[in-house]
Amino acid sequence: MSRFSLVILGASGDLTKRLLMPSLFRLHRLGLIPDLNIIGYSIDKWDHDSFLQHIHDALAEFITDFNETEWKAFSEHLDFVSGSLEANDLKALESKLTPSALFYLALPPTLFGQAAQAIGEAGLSKESGDNWRRILIEKPFGTDLESAEVLRGQVHAYWDESQVYRIDHFLGKEATQNLMIFPFC
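Note on numbering: residues in each chain are counted from 1, in written sequence order. pLDDT decides what is reported in this predicted model: residues at 70 or higher carry local features, side-chain atom pairs at 80 or more are listed and counted, and totals for whole chains, interfaces and linings draw on all residues regardless. For the side-chain quantities, the full set of heavy atoms in the structure was used; hydrogens and water were omitted.

### Quick notes on the overall build of the protein chain
- Broken down by element type, the protein chain carries seven helices and six strands.
- Going residue by residue from the N terminus, the α and β elements of the protein chain occur as β-α-β-α-α-β-α-β-α-β-α-β-α.
- The proportion of buried residues among the 185 residues of the protein chain is 42%.
- Expressed as a percentage of contacts within the protein chain between residues at least 6 apart in sequence, the contacts between residues at least 24 apart total 79%.
- With an accessible surface of roughly 10200 Å², the protein chain has 54% of that area assigned to carbon and sulfur atoms. Secondary structure follows DSSP: runs of H or I at least 4 residues long count as helices, runs of E at least 2 residues long count as strands, and numbering of each begins at the N terminus. Throughout, exposure labels follow a simple rule: accessible area from a 1.4 Å probe, protein chains only, divided by the maximum for the residue type, with under 20% read as buried, over 50% as exposed, and the rest as partly exposed. Residue contacts are counted whenever heavy atoms from the two residues lie within 4.5 Å of one another. Using a 1.4 Å probe, accessible areas were evaluated by the Shrake-Rupley method; residue-level cover was limited to the displayed protein chains.

So this is what it looks like as structure tokens:
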């Protein structure tokens, strides 16, 4: 597996604390993401150590069998950049990114368009050769047809459709849970 970066915009938020980091920690524990760089990005004026402490505390709270040895190994893959959703601030990510990178928008839905455009304006959506760049948008993609079309226009200003992933973990949750009853139907 080639090395790539996962940038979590909204790294100080609840989605990151409760779901993303515990899931990434479990994947790391299983040896499934040995070459993943995880870069937190947030408006919080934290330094690297403050971010690590925040994630450590979250994992200690949400992972029942959390231990310091596994934390130490996982934390070596974590980095942090503080900034706004403006292209000039996002450019600070460039030196930390590997050639292939995924930008995960763990942000309020009202900020998706602004974030997608700012990442593009910073030049971070550009692909070259075998290296790829992707953006992942979780939660509602607009509130109605009109707002979804506006958001699509904002995203596609800098991102090709093949670079955009849209997911909603709640839409898939019930179907996944119901897979257990299918054998009995």
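Moving on, there is more to tell.
### Details of the pairing of strand β1 (residues 4-9)
- β1 sits mainly inside the fold: six of its six residues count as buried.
- Side-chain alternation along β1 places F4, L6 and I8 on one buried face and S5, V7 and L9 on a second face that is also buried.
- Summarising the sheet, β1 and strand β2 (residues 36-42) pair through six bridges and their orientation is parallel. Residue pairing for β2: F4 is matched across the bridge by L36.
- Once the chain exits β1 it traverses helix α1 (residues 14-29) before rejoining the sheet at β2, and the crossover so formed is right-handed.
- Bridging between β1 and strand β4 (residues 101-105) involves five bridges; their strand directions are parallel. Its bridge partner being in β4, L6 is matched across the sheet by L102. The rule for pairing is simple: two strands pair if DSSP sees at least two bridges between them. The path from the first strand over the helix to the second decides the hand: if it runs clockwise while the strands point away from the viewer, the crossover is right-handed.

### Let's talk about the pairing of β2
- With seven of its seven residues buried, β2 lies for the most part within the structure.
- The alternating pattern of β2 places L36, I38, G40 and S42 on one face and N37, I39 and Y41 on the opposite face, and all of these are buried.
- One ladder, built from five bridges, connects β2 with strand β3 (residues 78-82); its direction is parallel. Among the inter-strand pairings, I39 is bridged to a residue of β3, identified as D79.

### A few points about the side chain of R134
- Along the chain, R134 turns up in strand β5 (residues 133-138).
- Accessibility expressed as a relative area gives 17% for R134, which makes it buried.
- Polar contacts involving the side chain of R134 include one to the side chain of Y165, which spans 3.4 Å.
- Not counting residues up to four positions away in its chain, the partners in contact with R134 are A101, L102, F103, E127, W159, S162, Q163 and Y165. For this analysis, a polar contact is any N or O atom pair within 3.5 Å, provided that within protein one partner can donate a hydrogen and the other can accept it, and provided that sequence-adjacent residues contribute only side-chain to side-chain pairs.

### Concerning the sheet that holds strand β6 (residues 164-167)
- Strand order in the open sheet formed by six strands is β3-β2-β1-β4-β5-β6, and the pairing between neighbours is parallel. Each having just a single partner strand, β3 and β6 make up the two edges of the open sheet. Taken pair by pair, the neighbouring strands of this sheet meet at an average axis angle of 20 degrees, ignoring direction.
- Lying on the sheet, helix α2 (residues 48-62) is in contact with β2 and β3; it crosses β3 at an angle near 120 degrees. Lines fitted to C-alpha atoms define the axes here, with helix axes fitted over just the stretch in contact, and angles between the N-to-C directions of these axes take values from 0 to 180 degrees.

### Re the packing of α1 against α2
- Here α1 crosses α2 at 85 degrees, and the two axes come no closer than 9 Å. One way to sum up the angle between α1 and α2 is to call them roughly perpendicular. Residues K17, R18, M21, P22, F25 and R26 of α1 pack against F51, H54, I55, A58, L59 and F62 of α2.
- When residue character is reported, Ala, Val, Leu, Ile, Met, Phe, Trp, Tyr, Cys and Pro are called nonpolar, Asp, Glu, Lys and Arg charged, and the others, Gly included, polar. For the contact of α1 with α2, the residue count by class is eight nonpolar, one polar and three charged. Under this scheme an angle from 65 to 115 degrees is roughly perpendicular, one under 35 degrees roughly parallel, and one over 145 degrees roughly antiparallel; angles in between are oblique.

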